[in-house]
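# Summary of the model geometry
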Amino acid sequence: MELFDVIIVGSGPSAVSALASLKNKRVLVLDVGIVSDSVTHSLNDSISSLKKKNEINFSEVIGDNLESLNNINHEYLSPKVKAPLMRYISNKFNEFNKFKTKNFFVLGSYAKGGLSNAWGGGSMRYTNEDLAGFPISYADLKEYYDLLTDKIGIAGKNDDLQDEFFAEKNLLPAPKLNFLAEALLKKYKKKLRFFHKNNLFIGFPRSAYITSTKKNREIYDYKGLEFFKPYTNSIYNSKLFLEEIINENANITYVHNKIVTTFAEKENRIDVIAMDIESKSNTIFSTKRLILAAGCLNTSRIVLNSFKDYETQLPMLDNLVTYIPFVNFKFIGKKEDNEFIPPQLILLTKDSKNKYLCSMYKLNATLCGDYLMDFPLSIKGTLSAVKYLVPSILIMQVFYPDHQKSKNFLKLTKDGVIEISYEQEEKRGSIEKKIISSFRKLGFYSLSFLVKKLQPGNSFHYSGTLPMKKTPSKFQTDSECRLFGTKNIFIADGSVFPVLPAKNNTFTIMANAMRIGEIVNKSL
Amino acid sequence: MSPASPKEENLTREVEYIFKNLFPKKELTQDIKIQYTLFGNKLCNTGNNVKIRKIIDHKLDVEAIEFFLRIRDRENILTQKIHALIYLIEVKKDFYDEFYVEKDFLLKGLFTLIYFTLRSIYKFFKGFIQVRLYGII
Ligand SMILES: Cc1cc2nc3c(=O)[nH]c(=O)nc-3n(C[C@H](O)[C@H](O)[C@H](O)COP(=O)(O)OP(=O)(O)OC[C@H]3O[C@@H](n4cnc5c(N)ncnc54)[C@H](O)[C@@H]3O)c2cc1C
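Residues numbered from 1 in each chain as written. Chains lettered and ligands numbered in written order. Predicted model: local features only at pLDDT ≥ 70, side-chain atom pairs only at ≥ 80, totals over all residues. Heavy atoms only, no water.

## A word on the overall build of chain B
In terms of helices and strands, chain B carries seven helices and zero strands. When the helices and strands of chain B are placed in sequence order, the string is α-α-α-α-α-α-α. For chain B, the C-alpha atoms occupy an extent of roughly 50 × 35 × 25 Å along the three principal directions. When the 137 residues of chain B are sorted by exposure, 47% land in the buried category. For chain B, contacts bridging at least 24 residues in sequence account for 76% of all contacts bridging at least 6. In the form shown here, chain B has an accessible surface area of approximately 7500 Å², with 58% of it arising from carbon and sulfur atoms. Once the 23 positive and 18 negative side-chain charges of chain B are each reduced to a mean point, those two points are 6 Å apart. (Helix = DSSP H or I, 4+ residues; strand = E, 2+ residues; numbered from the N terminus. Buried < 20%, exposed > 50% of the residue type's maximum accessible area, 1.4 Å probe, protein only. Contact = heavy atoms within 4.5 Å. Areas by Shrake-Rupley, 256 points an atom, 1.4 Å probe, with all protein chains shown as cover. Lys, Arg positive; Asp, Glu negative; His and termini not counted. Charge placed at Lys NZ, Arg CZ, Asp CG, Glu CD.)

Laid out in structure tokens, this is it:
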């Protein structure tokens, strides 16, 4: 049997970042790896322009089985994964993965590229303050953040948020702003003293969007089609980077259609057992080092399954989310310029306990049906007012930080079901009140009763099940992300985060995965 | 073409009634009827908690009843069906003007918003009364 130097499980951002540090080794990437086989015909302009031109292809936008209407009578799905051509992202995941949970929203992916097929590209570095609780510091990650910034292309600006996101030389130009965000920023600059005094900082997000020429990549066209059309080349997707690495390195093998179920560490090798999703037959692959990067939920399943542990409750972290809608009355009835990226600006704020990251979005790219029923008006009222109201609306998504709590856990049952329990101890609402009252100074109005508190799980930042610790114990990892009690098994995804700051976590998952890849490389 | 089942006939009656109430000046096309029926057929498996038939038989104010029910329980079947209808019409060119403005209309926008906020309050109470009076849920 062939003995690989390294087996990496998964093809999401964590797996592909670990792989980037192992290009000179004989690596096998094992993945389920579902791809979209759809060829799009109509999707060559923004949805609103296509509607106007009467060029909407119903099958591609709503779907022959009404896929885009999924949210109405099924569980909530992000607009990014419910359009008919985007269904491949979550395809088969629930067929092979059973979950039991009362109040936690689960979304997973078996796609080649994992959830990066759907992500919003928000790519912020963690500061040392964010990394408090980790056994590593910013200095351990900096080199990898820099490499990633250069390689994948991060758009942004060194502005009022640079203490938080770091001043960087290699940023691509910040994306265009919509008139609403422009007005907000202008007003904010006039009221800087007030905002700084109250710990409120506004600036551009850091996004993995290509906004100026970069090798082999298209420049983002501001049409918002990433909600409907697979593989937008101008937004980072680990599938595209995986394919590039495989094309350039003959020593790297990619095998898909395999669900890794367990591993067994032997004297001088690790056996990895994987089930074929078509034939359901098992194959054993052997390796010197194993890197699990199947996303937090799947990596946890593989680990618990391998130790046949049906008792232990692993800690479960996720950023709680609330939405605040804001209206700027000056822009009611304004003709919309529909060409901008949905994440417009970021607000960073603190209270006595926590730091919160709040992304401000425009409602331009998705279908109107996705938000119309949220207006507190009768349906005729909504239909009459919406076209005037939407240009004046900014939606703010507030992320809450998370840390280990005994009531929030994940465990595996004997019949293969993952049980997730997540109780919302955190009382949400007071930070929103502070933001609402401060934003009045900018001409943006909201009311506390309009704040929407999403079910836990909706940030998709699942983390923390196998936390890295200075002195780890069972089902924890060390500062090199080696699983306790094993010699050569490493975890490279969000499972290793011991705490979850209120910030998009993927960029840090990627930087850490590159670091682990390098540690593994050096060990061979 | 196979004859419509009683359930499909009901769904067709339903969409005709709702559509006429919401868009009195627009034409309900055959494809919207078919798509609505498809949605209704899939959806009805989740159970029916609103007596939509009664709304039609008594020619009640579907807008008012839906608004009252939505505020009470967002997942009621009438809201789901109207929500589906919105998705189905918004991709039609005929309805483009319902969703987008082509020029700046600040005053008209403000006036519309104030008028429909007040009207929605009235509709809420009207919905409440009709739901109670006619045993809609
Ligand atoms: C709508 C949406 C928007 C988001 N926006 C952002 C954002 O703006 N910023 C941000 O930081 N994060 C964002 N995220 C989260 C981000 O997508 C995830 O954090 C990231 O994809 C995690 O990467 P991963 O490699 O750990 O796992 P995943 O992306 O989940 O990849 C898992 C991979 O493992 C494979 N796999 C799984 N199980 C097995 C198995 N048993 N055997 C073999 N292979 C397996 C899958 O095929 C897949 O390739 C968003 C997510 C969603 C859904």
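Resuming the write-up.
## A closer look at a nonpolar patch on the surface
Residues and elements named next belong to chain B. Taken together, the side chains of Ile-114, Leu-118, Ile-121 and Phe-125 define a hydrophobic patch exposed on the protein surface, amounting to about 420 Å² of accessible area. Assignment of secondary structure puts Ile-121 in helix 7 (residues 106–134). With relative accessibility at 45%, the residue Ile-121 sits in the partly exposed group. (Patch = residues over 30% accessible without salt bridge, like charges linked within 9 Å, V, L, I, M, F, W, Y side chains within 5 Å. Salt bridge = Lys/Arg side-chain N within 4 Å of Asp/Glu carboxyl O.)

## Comments concerning the site of the ligand
Residue and element names in this part refer to chain A. Around the ligand, a shell composed of 37 residues is seen, among which Ser-14, Asp-31, Leu-115, Val-260 and Thr-506 lie nearest. Asp-31 places a side-chain nitrogen or oxygen 2.6 Å from an oxygen atom of the ligand. Between a nitrogen atom of the ligand and a side-chain N or O atom of Asn-298, the distance comes to 3.5 Å. In the complex, 94% of the free accessible area of the ligand, which totals 990 Å², lies under the protein chains. Only helix 1 (13–20), strand 6 (258–265) and helix 12 (296–306) provide two or more residues apiece to the shell around the ligand. Top contributing element to the shell around the ligand by residue count: strand 6, with three residues. Each residue belonging to the shell around the ligand can be placed in one class, and the counts come to 16 nonpolar, 18 polar and three charged. (Near = heavy atom within 4 Å. Polar contact = N/O pair within 3.5 Å; in protein donor to acceptor, adjacent residues only side chain to side chain. Nonpolar A, V, L, I, M, F, W, Y, C, P; charged D, E, K, R; others polar.)

## Notes on the pairing of strand 15 (residues 409–412) of chain A
Residues and elements named next belong to chain A. Of the two faces of strand 15, both are covered, the one formed by Phe-409 and Lys-411 as well as the one formed by Leu-410 and Leu-412. Note that strand 9 (residues 314–315) and strand 15 share two bridges and pair antiparallel. Counted as the bridge partner of Leu-314 is Leu-410 from strand 15. Where strand 15 meets strand 16 (residues 417–421), four bridges bridge the pair, whose relative direction is antiparallel. Looking across to strand 16, one finds that Leu-412 is bridged to Ile-418. Between strand 15 and the antiparallel strand that follows it, strand 16, lie four residues; Gly-416 among them carries a positive phi value of about 85°. (Pairing = 2+ DSSP bridges.)

## Digging into the interface of chain B and chain A
Across the boundary between the two partners, chain B contributes 45 residues, which contact 45 residues of chain A. Buried area between chain B and chain A, both sides added, is near 4400 Å², and the carbon and sulfur share of it is 65%. For the chain B face of the interface with chain A, the top three residues by lost area are Tyr-87, Val-91 and Val-101 of chain B, together amounting to 15%. Lys-52 of chain A is the salt-bridge partner of Glu-102 of chain B, the closest N and O atoms lying 2.7 Å from each other. Where chain B touches chain A, the interface holds 21 residue pairs in polar contact (both at pLDDT 80 or more). The element contributing the most residues to the side of chain B that touches chain A is helix 7 of chain B, with 11 residues. Across the side of chain B that touches chain A, the residue classes break down as 21 nonpolar, nine polar and 15 charged. (Buried area = accessible area lost by both parts, 1.4 Å probe.)

## As for a positive patch on the surface
Residue and element names in this part refer to chain A. On the surface, a cluster of positive charge is contributed by Lys-186, Lys-190, Lys-191, Lys-330 and Lys-441. If you trace the backbone, Lys-441 turns up in the loop between helix 14 (430–439) and strand 17 (452–453). For Lys-441, a relative accessible area of 38% puts it in the partly exposed group.

## Regarding the sheet that holds strand 4 (residues 200–203) of chain A
All names here are of chain A. Across the sheet, which stays open at both edges, the six strands sit in the order 4-11-12-13-10-17 with antiparallel pairing between neighbours. The two strands at the open ends of the sheet, each matched to only one other strand, are strand 4 and strand 17. Packed on one face of the sheet, helix 9 (residues 179–190) meets strand 4, strand 11 (343–350), strand 12 (355–361) and strand 13 (393–399) and runs near 135° to strand 4. (Axes fitted to C-alpha atoms, helices over the stretch in contact; angles between N-to-C directions.)

## Focus on the sheet that holds strand 15 of chain A
What holds strands together in a sheet is hydrogen bonding between their backbones, with the strands either parallel or antiparallel. Residue and element names in this part refer to chain A. Ordered in space as 3-16-15-9, the four strands form an open sheet in which the pairing is mixed. Strand pairing shows two members of the sheet lacking a second neighbour, strand 3 (98–101) and strand 9, which therefore form its edges. By the bridge criterion, four bridges tie strand 3 to strand 16 in an arrangement that is parallel. Paired with Phe-99 across the two strands is Ile-418, which belongs to strand 16.

## A closer look at the pairing of strand 5 (residues 252–255) of chain A
Residue and element names in this part refer to chain A. A one-sided burial pattern is seen for strand 5, the buried positions being Ile-252 and Tyr-254 and the unburied ones Thr-253 and Val-255. As defined by bridge partners, strand 2 (residues 27–30) adjoins strand 5 across four bridges and the pair is classed as parallel. Residue pairing across strands places Leu-30 opposite Val-255, the latter belonging to strand 5.

## Quick notes on the packing of helix 7 (residues 138–153) of chain A against helix 15 (residues 506–523) of chain A
Residue and element names in this part refer to chain A. Helix 15 packs onto helix 7 with a crossing angle of 110° between their chain directions and a minimal axis gap of 9 Å. Judged on the interaxial angle alone, helix 15 and helix 7 are roughly perpendicular. Two packed elements cross with a definite hand, and for helix 7 against helix 15 that hand is right-handed. Across the interface between the two elements, Asp-140, Leu-141, Glu-143, Tyr-144, Tyr-145, Leu-147, Leu-148, Thr-149 and Ile-152 from helix 7 touch Phe-507, Thr-508, Met-510, Ala-511, Asn-512, Met-514, Arg-515 and Glu-518 from helix 15. (Parallel < 35°, antiparallel > 145°, perpendicular 65-115°, else oblique. Left-handed = near helix turned anticlockwise from the far one by under 90°.)

## Brief notes about the pattern of salt bridges
Taken as a whole, this structure holds 44 salt bridges over all chains when the rule is applied. Between Asp-276 of chain A and Lys-258 of chain A there is a salt bridge, and its shortest N-O distance comes to 2.9 Å. Taken together, the residues span a long stretch of sequence, with Asp-276 of chain A in strand 7 (residues 270–276) and Lys-258 of chain A in strand 6 at a distance of 18 residues. For the pair shown, Asp-276 of chain A and Lys-258 of chain A are each scored as buried. With a shortest N-O distance of 2.7 Å, Asp-374 of chain A and Arg-74 of chain B are connected by a salt bridge. Here Asp-374 of chain A is found in the loop between strand 12 and helix 13 (379–389), whereas its partner Arg-74 of chain B is found in the loop between helix 4 (62–72) and helix 5 (77–90) on a different chain. Connected via shared salt-bridge partners are Arg-125, Lys-142, Asp-146, Glu-168 and Arg-206 of chain A.

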